[in-house]
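Fold and geometry: a report
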Amino acid sequence: MEMTNRKEGEALVMSVKGRMDAVTAPEFEKAVQGLMGEGEISFVIDLADLDYISSAGLRSILALAKKLKTADGSLRLAALQDTVKEVFDISGFSSIIPISDSVEAACSS
Amino acid sequence: MKDIHRPAILESLEDLMTFVAECAEARGFRPKRIQEIQLATEEALVNIFNYAYPENRDGEVRIECTPGEENHLVIEFRDKGIPYRFKDLGKPDVSAPMAEREIGGLGIFLIRKMVDNVQFRREDDENILTFILQPRDQEDDAEPQQPG
């Protein structure tokens, strides 16, 4: 899994590439928490290049979304691939985490 | 029958997932279905690491892949850890709002969605979790082909 960050207005856009599984999800969670420690509270996670997610990845995303909500921040997901979207739909996460079709749409919402 | 065994630790996950993907591919399963099987496999393995061997790193897990009836694939996960009660694990409320969601608890729910028939038994000193998997090709066939 690879992560790259950029600023898009107020939002921190993090692109995640590869697989978010039980091994890599903690790395993702740690990276976002690190950025939160630097004062970022508005996150857009670009998942266009994420090929796979398991419950460990869902768990990390939910934990971060809860933390950011407490901090008056936000976490939005963008550009999910079909197979990743399916896991969000089946688990009901699509209805609790904001999901946009594109990074642009996520940044402007 | 093909099999693999590795220490029951997270560091083994990649090898075991690759093995299962190769079994499903050899059985003629499509990429989308293979990814679903990998997801169910990860969830099963993480449960074994956490519940069968909660406190030691000396445990081992063994996976056996066997062709099933018709075009099915049968995957068995065997460990010699403490007995865990598969049927009691993981019945999350997937319609609950975020504030009420428990973190985690989704692994077994996802297994049941991805696997056509899940069986669990304790035999001698082994936990044996069995997945019986169908190719589910119809869903894939509905997808348009990407040009070039």
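Residues numbered from 1 in each chain as written. Chains lettered and ligands numbered in written order. Predicted model: local features only at pLDDT ≥ 70, side-chain atom pairs only at ≥ 80, totals over all residues.

A few words on the overall build of chain A. Summing up its helical and strand segments, chain A has four helices and six strands in all. Scanning chain A from its N terminus toward the C terminus, one meets helices and strands in the order β-β-α-β-β-α-β-α-β-α. Its C-alpha radius of gyration of 12 Å places chain A within 12% of the 13 Å reference for a compact globule of 109 residues. The principal-axis extent of the C-alpha atoms belonging to chain A is close to 30 × 30 × 25 Å. Residue burial in chain A is summarised as follows: out of 109 residues, 42% are buried. In chain A, the proportion of contacts linking residues at least 24 apart, taken out of those at least 6 apart, comes to 72%. (Helix = DSSP H or I, 4+ residues; strand = E, 2+ residues; numbered from the N terminus. Rg over C-alpha atoms; globule rule 2.2 N^0.38 Å. Buried ≥ 20, exposed ≤ 12 C-beta atoms within 10 Å, placed from the backbone. Contact = placed C-beta atoms within 7 Å.)

Glancing now at the packing of helix 1 (residues 13-26) of chain B against helix 2 (residues 31-52) of chain B. Residue and element names in this part refer to chain B. Between helix 1 and helix 2, whose axes approach to 9 Å, the crossing angle comes to 145 degrees. Classified by chirality, the crossing of helix 2 by helix 1 is right-handed. Facing helix 1, whose interface residues are Leu13, Leu16, Met17, Val20, Ala21, Ala24 and Glu25, helix 2 presents Arg33, Ile34, Ile37, Gln38, Thr41, Glu42 and Leu45. Looking at the contact of helix 1 with helix 2, its residues break down into nine nonpolar, two polar and three charged. (Axes fitted to C-alpha atoms, helices over the stretch in contact; angles between N-to-C directions. Left-handed = near helix turned anticlockwise from the far one by under 90°. Nonpolar A, V, L, I, M, F, W, Y, C, P; charged D, E, K, R; others polar.)

With 19 residues of chain A at the interface, the matching set in chain B holds 19 residues. With eight residues, helix 2 (residues 55-70) of chain A is the largest single contributor of residues to the side of chain A that touches chain B. Across the side of chain A that touches chain B, the residue classes break down as eleven nonpolar, five polar and three charged.

Looking now at the environment of proline 98 of chain A. Inspection of the secondary structure puts proline 98 of chain A in the loop between helix 3 (82-91) and strand 6 (99-100). In this structure the C-alpha to C-alpha distance between proline 98 of chain A and methionine 36 of chain A, which are 62 residues apart in sequence, comes to 19 Å.

This next bit is on the sheet that holds strand 1 (residues 2-7) of chain B. Residue and element names in this part refer to chain B. The strand order across the open sheet formed by five strands is 1-2-3-5-4, and the pairing between neighbours is antiparallel. Since the sheet does not close on itself, it has two edges, and those belong to strand 1 and strand 4 (117-123), each with one partner. Across the sheet, the mean angle separating the axes of adjacent strands is 15 degrees when strand polarity is ignored. Here seven bridges tie strand 4 to strand 5 (residues 126-133), and the two strands are oriented antiparallel to one another. Paired with arginine 122 across the bridge in strand 5 is asparagine 127. (Pairing = 2+ DSSP bridges.)

Once that is clear, we can look at the pairing of strand 5 (residues 74-78) of chain A. Residues and elements named next belong to chain A. Along strand 5, four of the five residues are buried, which leaves the element largely enclosed by surrounding structure. Relative to strand 5, strand 3 (residues 42-46) is paired through five bridges, and the arrangement is parallel. Of the residues in strand 5, the one forming a bridge with serine 42 is serine 74. Where strand 5 lies against strand 6, two bridges are found, and the strand directions are parallel. Across the sheet, residue leucine 77 finds its bridge partner in strand 6, namely isoleucine 99. In this fold, strand 5 hands off to helix 3, which returns the chain to strand 6; that crossover is right-handed. (Right-handed = clockwise from strand over helix to strand, strands pointing away.)

What follows is about the confidence of the model for chain B. Across chain B, the average pLDDT comes to 86, with 82% of residues at or above 70. For this predicted complex, the interface confidence comes out at an ipTM of 0.92, alongside a pTM of 0.89. (pLDDT = per-residue confidence, 0-100.)

On to the environment of asparagine 56 of chain B, then. Here asparagine 56 of chain B lies in the loop between helix 2 and strand 2 (60-67). In the structure, asparagine 56 of chain B is positioned 48 residues away from alanine 8 of chain B in sequence and 9.1 Å away in space, judged by C-alpha atoms.

Let's shift gears to the environment of aspartate 125 of chain B. Within the secondary structure layout, aspartate 125 of chain B lies in the loop between strand 4 and strand 5. Distance from aspartate 125 of chain B to glycine 81 of chain B, taken between C-alpha atoms, is 7.8 Å for residues 44 residues apart in sequence.

Looking now at the nonpolar core. The biggest cluster of nonpolar side chains holds 67 residues, and the ones touching the most others in it are Ile45, Leu47 and Ala78 of chain A together with Val20, Ala40 and Ile48 of chain B. Top element by residues in this core is helix 2 of chain B. It accounts for eight residues. Once residues within four sequence positions are removed from consideration, alanine 40 of chain B is found in contact with Leu110, Ile111, Met114, Val115 and Phe131 of chain B. (Core = buried A, V, L, I, M, F, W, Y, C linked by C-beta atoms within 7 Å.)

A negative phi angle is the norm for most residues apart from glycine, just as the trans form is the norm for most peptide bonds. Residue and element names in this part refer to chain B. With a phi angle near 50 degrees, glutamate 70 is a residue other than glycine that sits in the positive phi range. By secondary structure assignment, the location of glutamate 70 is in the loop between strand 2 and strand 3 (73-79). According to the C-beta neighbour criterion, glutamate 70 is exposed, with 7 such atoms within 10 Å. Although it is not a glycine, arginine 136 sits at a positive phi angle of roughly 50 degrees. Checked against the element boundaries, arginine 136 lands in the loop between strand 5 and helix 4 (137-141).

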